[in-house]
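Residue-level structural notes
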Amino acid sequence: MSVSHNGGDTSHDGRGETAWHSLSDQSTFAQLGASESGLSNEQAAVRLDEYGPNRLQPPQPKSAALRFAEQFNNVLIYVLLLAALVTALLGHWLDTAVIVGVVFINAVIGFLQEGKAERALDAIRNMLSMQALVLRDGRRVLIPAEQLVPGDVVLLHSGDKVPADIRLFYVKSLQIQEAVLTGESLAVAKEVDAAPSDSQIGDRRCMAYSSTLVTYGEGQGVVVATGDATEIGRISILLSDVQRLITPLIKQMSSFGRWLSGAIVVVAALTFLYGIGMQSYTVDQMFLAAVGLAVAAIPEGLPAIMTITLAIGVQHMARRRAIVRRLPAVETLGSVTVICSDKTGTLTKNEMTVQSLVTEENQYEVSGVGYAPRGNFTIADAAVSAKDDALLSELARGAVLCSEANLHEEESGWVVDGSPTEGALLAMAMKAEFDPATEARNLPRVDHIPFESEHRFMATLHRDSSGNGCIYVKGAPERIFNMCSFQRSAAGDHPLIAEFWHERMEEIAVRGQRVIALATKPATSEQLELGFSDVESGLTLLGLFGLADPPREQAISAVASCQAAGIRVKMITGDHAITAGAIGSIIGLRTDGGILTGHDLDAMNEQELCRRIGEVDIFARTSPEHKLRLVQTLQKNGEVVAMTGDGVNDAPALKRADVGVAMGMKGTEAAKEAAAVVLVDDNFACIADAVEEGRIVYDNIKKAITFILPTNGGEAFTIMAAIAMGQVLPITAVQILWVNMVTAVTLALALAFERAESNVMQRSPRAPSEPLLSGFLFWRIGFVSAILVAGTFGMYLWERDHGADVAMGRTVAVNTLVMFEVFYLFNTRFLRDSVLNISGLFGSRPVMIAVVLVIFFQLGFTYAPPMQELFDTRALSLQQWVSITVVASSVLWLVELEKWLVKRRAKPHLL
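Residues numbered from 1 in each chain as written. Predicted model: local features only at pLDDT ≥ 70, side-chain atom pairs only at ≥ 80, totals over all residues. Heavy atoms only, no water.

Looking at the nonpolar core
In this structure, Val-677 and Val-891 are the most contacted members of the largest nonpolar core, which totals 121 residues. Counting residues per element, this core draws most heavily on helix α27 (residues 685-724), which supplies 20 residues. Grouped together as the second largest cluster of nonpolar side chains are 37 residues, Ala-372, Phe-377, Leu-401 and Phe-434 included. (Core = buried A, V, L, I, M, F, W, Y, C linked by side-chain atoms within 4.5 Å. Buried < 20%, exposed > 50% of the residue type's maximum accessible area, 1.4 Å probe, protein only. Helix = DSSP H or I, 4+ residues; strand = E, 2+ residues; numbered from the N terminus.)

Quick look at the structure:
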């Protein structure tokens, strides 16, 4: 939105909107038809009618009934409903009720999860400030933030949430935390001078943006945008426009379901026509045979098994500190090829830390991360005691005394009240065993000069009980150097060597650390006030502090683990390029491709970005649009993208990514609601664990499919073989339903609990275009189906040839088929490796329990009078059971032989 009441030329940004940050404050007032004394109540009322309330407008929501109905729009659900229809036609009402129940439960879960996901927009809308202090008719008035209009003059103080987008025209030491928009960990010192029109948000120091937080100082500004026209509103609109992607598994299963459904209809129809035309079956007989064939071929238990497997993966990930909000995201994690990570709060702790100290004689490294005062000091890897080092002690004492912050411990950890920079300095001093309270008692403060962006330093005056006084000054190195005449060494003070300190400062800055200088000066015993003239010259430089928001301790190993698994990690941050590059180098990201900034991205067309994005791992000074564009470009290149983040600025990209991963502790509600996965402890290392769990889930789903489909194939081909030979069906449709139901809730379900195979995190991610069933698995399914058909139909014919009636032959055939599945279950535990060992045969408790249960069910199926009446079965002799077991065990030996032959040919990639 470009607001203008007086007309005239305006400067515009890249979106064609007014670039308020590039206008002078007077030009801004002119454009808005306002003044520093604020609007009148009448003007404000007119503008409120014109622009509407200062709140984010919700989109038109879908009705609950429509959202619930959409849960059934899925090919997997169609397969289940078809199976329910068939079982209903057969009068098998128990099976019908179970299948319909599974469909309904899945719909309810999807309905509830979708409702939670849409709260991302609500989370952003609720971030707006509730009240605002403004000038109306020249008087200060506290009004609801919803009543703000363009042209209002707003007064900001420490602790305020900025209520709208504001062009500042007066600041006094004003600092604003903009991490929710930019991802930059440090609060930004504001000023009134205009910025270039193409500046990114983090470089627009004359602007204060809605929903950011004032951490220090005060300021005044004029409202230039409200509601949806603000930067936070723009993100809300961007988020609402982003369409969530369908996961790879759902795509594959949809394609597979369509293919399978079509194949079943075609085969059943051809079989129906063949039986009537070639084998002289009646229409009624062939209709029942075709229904039986369809029942045999439909894997009605597969969707339920998939859902259960995903749910078990969710439970396992919860134990590994990752909460999954959308079930298919578990599997999608296993197929991720690129992880795009925010820097601040994700790869780093979002807590400033003093990492280095420089004096004239030494450079110290400081261990420990964040505000926790735990760590030590080293020089060239040799430990140093602060008590035995006079210069180090003086630096620590000055850091404590020249500070406005407070550091204390809460249940959640160490927390700083005040500037993050001063909190880091206090933590460093406490590592050196300096207690802030004790130092304040020994050298109480008499007066001070607060930090202001105009003079870029803070100074404090102290006096001990004997009347001896001293002054400490800390601030920007360039400013402090100009105020110093001397530098301190162990031998005493001597003239300042500016070139030496500039070199040290550059060495620290190149490491991505922010540099703070500390100086001191003695004070006279009579001095009670501190003025600028007291510190403008004659100071003695004590040393430099190097501060940074360091990587999380586990981030480096987690990135290496992802890279070993063939997953590229890319950092996308709103922070400065130098800082991003330094952190990226530490955690092991590739830097040979350079660093791209938001400006670079804006200058690139789609073709150039598609090419460059594969070469670059670090992106800095990015906006929400840049992050979203990068995710979309990677997806265009065929990548499966996981996006991590914690800020509102990350929410659109989190929603668009194949898997959005939000930080649970310090992440905004908008980020959490937009994401599919939330990390409980904000630890990037959990992502590597989640990827491993996702690969396990996908493997187990593939194992379940490889187990279930040969069963269905064996049943269907057995019926087809009987029709081709003009025989009575060896298995009835009702018996087929029994086999499918019993084996699905026992044998197939056991595969959902399988642990990771040995190389799960050493192999490359599967290609997004890779079909669910590879050529080899098609062969495996066909191979096993042939074994099952030969054994099942063969046992039926054997019994019939030896005088058994049809019911007895069918009982033998059903039990042979189930025992085939029992033995084949062991083959399926390892798709690639042999199971002919202790671990393969006895290493899974769920498998052993499933085998016992299915044998128990089959004994009831065979011998229980009610089951004999229902399924028309007969009691079997011990000799028949021995024959069934021997024949059924053949699948175990034949499949293991096949595995050995494949490995011998050295083509495991076909798996």
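Details of unusual backbone geometry
Within the chain, Asp-137 stands out as a residue other than glycine whose phi angle is a positive 55 degrees. Among the secondary structure elements, Asp-137 is positioned in the loop between β1 (131-136) and β2 (139-144). On the basis of relative accessibility, which here comes to 40%, the residue Asp-137 falls in the partly exposed class. The backbone of Ser-173 shows a phi angle near 55 degrees, a positive value even though the residue is not glycine. In this fold, Ser-173 is placed in strand β4 (residues 165-177).

Quick look at the pattern of salt bridges
Pairing between side chains of opposite charge can happen when the charged atoms of each approach one another. For the structure on display, the rule yields 30 salt bridges. Between Arg-204 and Glu-231 there is a salt bridge, and its shortest N-O distance comes to 4.0 Å. Taken together, the residues span a long stretch of sequence, with Arg-204 in the loop between β5 (188-189) and β6 (207-208) and Glu-231 in helix α8 (residues 231-241) at a distance of 27 residues. Glu-231 shares its class with Arg-204; the two are buried. With its nearest N and O atoms 3.0 Å apart, the salt bridge here joins Glu-365 to Arg-511. Highlighted residues: Glu-365 in strand β11 (residues 363-366) and Arg-511 in the loop between α18 (498-510) and β21 (514-523), separated in sequence by 146 residues. For Glu-365, a relative accessible area of 28% translates into the label partly exposed. Residue classification places Arg-511 among the partly exposed residues on the basis of a relative accessible area of 31%. Salt bridges sharing partners connect three or more residues here, namely Arg-204, Glu-231, Arg-234 and Glu-625. (Salt bridge = Lys/Arg side-chain N within 4 Å of Asp/Glu carboxyl O.)

With respect to the packing of aromatic side chains
Using the criterion set out here, one finds 10 aromatic pairs in the structure. A centroid spacing of 5.4 Å and a plane angle of 15 degrees characterise the contact between Trp-738 and Phe-861, whose relative ring orientation is stacked. With a gap of 123 residues between them, Trp-738 in helix α28 (residues 733-750) and Phe-861 in helix α32 (residues 845-863) connect regions that are remote in the sequence. Judged by relative accessible area, Trp-738 falls into the buried class, the value being 8%. On the basis of relative accessible area, Phe-861 is assigned to the buried category, the value being 0%. Considering the side-chain rings of Trp-779 and Phe-783, the 5.1 Å spacing of their centres and the 15 degrees angle between planes classify their relative orientation as stacked. (Phe/Tyr/Trp six-rings, centres within 6.5 Å; stacked < 30°, edge-to-face > 60°.)

These figures capture arrangement, not role.
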